[in-house]
Amino acid sequence: MIITALDFNNPKDALALADKIDPQASRVKVGKELFTIAGPALVEQLQRKGFDVFLDLKFHDIPNTVAGALKAAASLGVWMVNVHASGGPAMLSAARAAIAPFMDTGGTRVIGVTVLTSMDEEQLSATGVAATPAQQVMRLASLVKQAGLDGVVCSPKEVGLIRQNIDGPFITVTPGVRPIASLVSSAGGQADDQRRVMTPADAVAAGSDYLVIGRPITQAVDPQQALDAIVHELHATTES
Ligand code: C5P
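Residues numbered from 1 in each chain as written. Predicted model: local features only at pLDDT ≥ 70, side-chain atom pairs only at ≥ 80, totals over all residues. Heavy atoms only, no water.

1. Thoughts on the overall build of the protein
Just so we agree on the cut-off: Starting at the N terminus, helices and strands are each numbered in turn, a helix being any DSSP run of H or I of at least four residues and a strand any DSSP run of E of at least two. Think of it in three bands: residues with accessible area under 20% of the maximum for their type are buried, residues over 50% are exposed, and the middle band is partly exposed, with areas taken using a 1.4 Å probe on protein chains only. Calculation of accessible area relied on Shrake-Rupley with a 1.4 Å probe; when residues are assessed, cover is drawn exclusively from the protein chains displayed. Note on charges: Lys and Arg go in the positive column, Asp and Glu in the negative column, and His and the chain ends are not counted at all. A charge is said to be at NZ when it belongs to Lys, at CZ for Arg, at CG for Asp and at CD for Glu.
Within the protein one finds 11 helices and 8 strands. Expressed as lengths along the three principal axes of its C-alpha atoms, the size of the protein is roughly 45 × 40 × 35 Å. Taking all 240 residues of the protein together, the buried fraction comes to 48%. Summed over its atoms, the accessible surface of the protein is roughly 11200 Å², and 51% of this surface lies on carbon and sulfur atoms. Here the protein contributes 19 positive and 24 negative side-chain charges, whose respective centroids are spaced 4 Å apart.

Below you can see the structure in the form of structure tokens.
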């Protein structure tokens, strides 16, 4: 349920953090910066430590190129990988076809990125998209579903809308999550540069399956304790 974002610029720090957390308590996300510097070797090391890896490379290219990238990711054995839904139906279908042999055995999942949270209406409009971010999220999430992919990355503010409009199994992965403790105290990261945050419990209540959390865990003095506190906060809220 929790995915720790390993936003480090070198493999040493990423592995040191991984050694401080329990693979049963969290999956890990490897993004563009860390993967560009550390590559598949780091992914394999994390997997050997028992972690499920979400390779957050947000592929976006012509269908043939994205299909090749997805086969490469799946052959690494990663748990999940993502593509930009705005690559269009042909690209999403090619992604689905490329990953099919791995999906059917419960292998690598592929999810779509809808609208980056850095894109507001003005930014979208500048790229020629005459829709609100929420409308565009729904349009892209529908394309992802139609192409048979496993789900989407979206803001916790949009997850409710997606749950209301898309039936069936559909994974939702949400960044922009901050534990209550880190919002009320200076320890553990505050909201950092995240503008519109939700607490873990609210994000789960809205329908989020996986919470991507970075700095509140990675910058904590004791990362496992920070993770335990988030799980505790989740249980306490869902049981009350
Ligand atoms: O440290 P923090 O919890 O803010 O990290 C959130 C992670 O989720 C980062 O890896 C960031 O790049 C990613 N992310 C995000 N907002 C998005 C998409 C991804 O914060 N809309």
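On we go from here.
2. With respect to the packing of helix H1 (residues 11–18) against helix H2 (residues 32–48)
Describing two packed helices takes the angle between their axes plus the distance from one axis to the other. Applicable threshold: Here, axes are lines fitted to C-alpha atoms. For helices the fit covers the stretch in contact, and angles between N-to-C directions go from 0 to 180 degrees. Should the near helix be turned counterclockwise from the far one by less than a right angle, the crossing is left-handed, whereas a clockwise turn marks it as right-handed. We call two residues in contact when some of their heavy atoms are within 4.5 Å. In this classification, Asp, Glu, Lys and Arg are treated as charged, Ala, Val, Leu, Ile, Met, Phe, Trp, Tyr, Cys and Pro as nonpolar, and every other residue, Gly included, as polar.
Where H1 meets H2, the axes come as close as 9 Å, and the angle between the chain directions of the two elements is 35 degrees. For H1 against H2, the interelement crossing comes out right-handed. Touching Pro11, Ala14, Leu15 and Ala18 of H1 are Leu34, Ile37, Ala38, Leu42, Gln45 and Leu46, all from H2. Looking at the contact of H1 with H2 residue by residue, the class counts come to 9 nonpolar, 1 polar and no charged.

3. Description of the pattern of salt bridges
Counted only if it meets this: Salt bridges, as used here, are contacts in which a Lys or Arg side-chain nitrogen is within 4 Å of a carboxyl oxygen on Asp or Glu.
Under the criterion given, the structure shown has 5 salt bridges. Among the charged side chains, a network of salt bridges with common partners joins Lys29, Asp56 and Lys58.

4. Some remarks on the packing of aromatic side chains
Test applied: The rule is short: rings of Phe, Tyr and Trp, with Trp giving its six-membered ring, pair when the centres are within 6.5 Å, and they are stacked under 30 degrees, edge-to-face over 60, tilted in between. Lysine and arginine charges are scored as sitting over a ring when NZ or CZ, respectively, is within 6 Å of the ring centre and within 35 degrees of the ring normal.
Taken as a whole, this structure holds 1 aromatic pair when the rule is applied. Between the aromatic rings of tryptophan 79 and tyrosine 210, the centroid separation amounts to 5.1 Å while the plane-to-plane angle is 70 degrees, which identifies the pairing as edge-to-face. Of this pair, tryptophan 79 sits in the loop between helix H3 (63–75) and strand S4 (80–84) while tyrosine 210 sits in strand S8 (residues 210–213); the two residues are 131 residues apart in sequence, bridging distant segments of the chain. Residue tyrosine 210 is classed as buried on the basis of its relative accessible area of 16%. When the ring centre of tryptophan 79 is taken as origin, the NZ or CZ atom of arginine 27, which lies over that ring, is 4.3 Å away.

5. Some thoughts on the pairing of S8
Put simply, the rule reads: Two strands pair under a simple rule: DSSP has to find at least two bridges between them.
Burial along S8 is two-sided: the face carrying Tyr210 and Val212 and the face carrying Leu211 and Ile213 are both buried. Two elements, strand S1 (residues 2–5) and S8, share 3 bridges in a ladder whose sense is parallel. Looking across to S8, one finds that isoleucine 3 is bridged to valine 212. Bridge analysis of strand S7 (residues 171–174) against S8 gives 2 bridges, and the strand direction is parallel. Looking across to S8, one finds that threonine 174 is bridged to leucine 211.

6. Overview of the nonpolar core
The criterion, for reference: Here the nonpolar core consists of buried residues drawn from Ala, Val, Leu, Ile, Met, Phe, Trp, Tyr and Cys, with membership extended through side-chain atoms lying within 4.5 Å.
Leu46, Leu55, Leu70, Val78, Val81, Val83 and Ile162 are the most contacted members of the largest nonpolar core, which totals 63 residues. When near neighbours in sequence (up to four residues on either side) are disregarded, leucine 46 contacts Leu6, Leu15, Ala18, Val28, Val30, Phe51 and Val53. Counting residues in each nonpolar core, the second largest holds 12 residues, with Ile3, Trp79, Ile171 and Tyr210 among its members.

7. Quick word on the sheet that holds strand S6 (residues 151–153)
Pairing in this closed barrel of 8 strands is parallel, and the strands run S1-S2-S3-S4-S5-S6-S7-S8 around the ring. Sheet twist, expressed as the average angle between the axes of neighbouring strands with direction ignored, equals 25 degrees. Packed on one face of the sheet, H2 meets strand S2 (27–31) and strand S3 (53–59) and runs near 150 degrees to S3.

8. Thoughts on the environment of alanine 131
Counting through the fold element by element, alanine 131 comes out in the loop between helix H5 (121–126) and helix H6 (133–146). The spatial distance from the C-alpha of alanine 131 to the C-alpha of glutamate 121 is 7.3 Å, given a sequence separation of 10 residues. Not counting residues within four places of it along the chain, the set of residues in contact with alanine 131 comprises Glu121, Leu124 and Gln136.

9. Quick look at the pairing of S1
Heads up, the condition is: Think of it like this: strands point away, you trace from the first strand over the helix to the second, and a clockwise trace means the crossover is right-handed.
Of the two faces of S1, the one carrying Ile2 and Thr4 and the one carrying Ile3 and Ala5 are both buried. Two elements, S1 and S2, share 3 bridges in a ladder whose sense is parallel. Residue pairing across strands places alanine 5 opposite lysine 29, the latter belonging to S2. For the crossover that starts at S1, traverses H1 and ends in the parallel S2, the hand is right-handed.

10. Topic: the environment of alanine 14
Among the structural elements, alanine 14 can be located in helix H1. On the basis of relative accessible area, alanine 14 is assigned to the buried category, the value being 0%. Along the chain, alanine 14 and glycine 168 lie 154 residues apart, while their C-alpha atoms are 35 Å from each other. Leaving out residues up to four positions away in the same chain, alanine 14 has contacts with Leu6, Phe8, Leu34 and Leu42.

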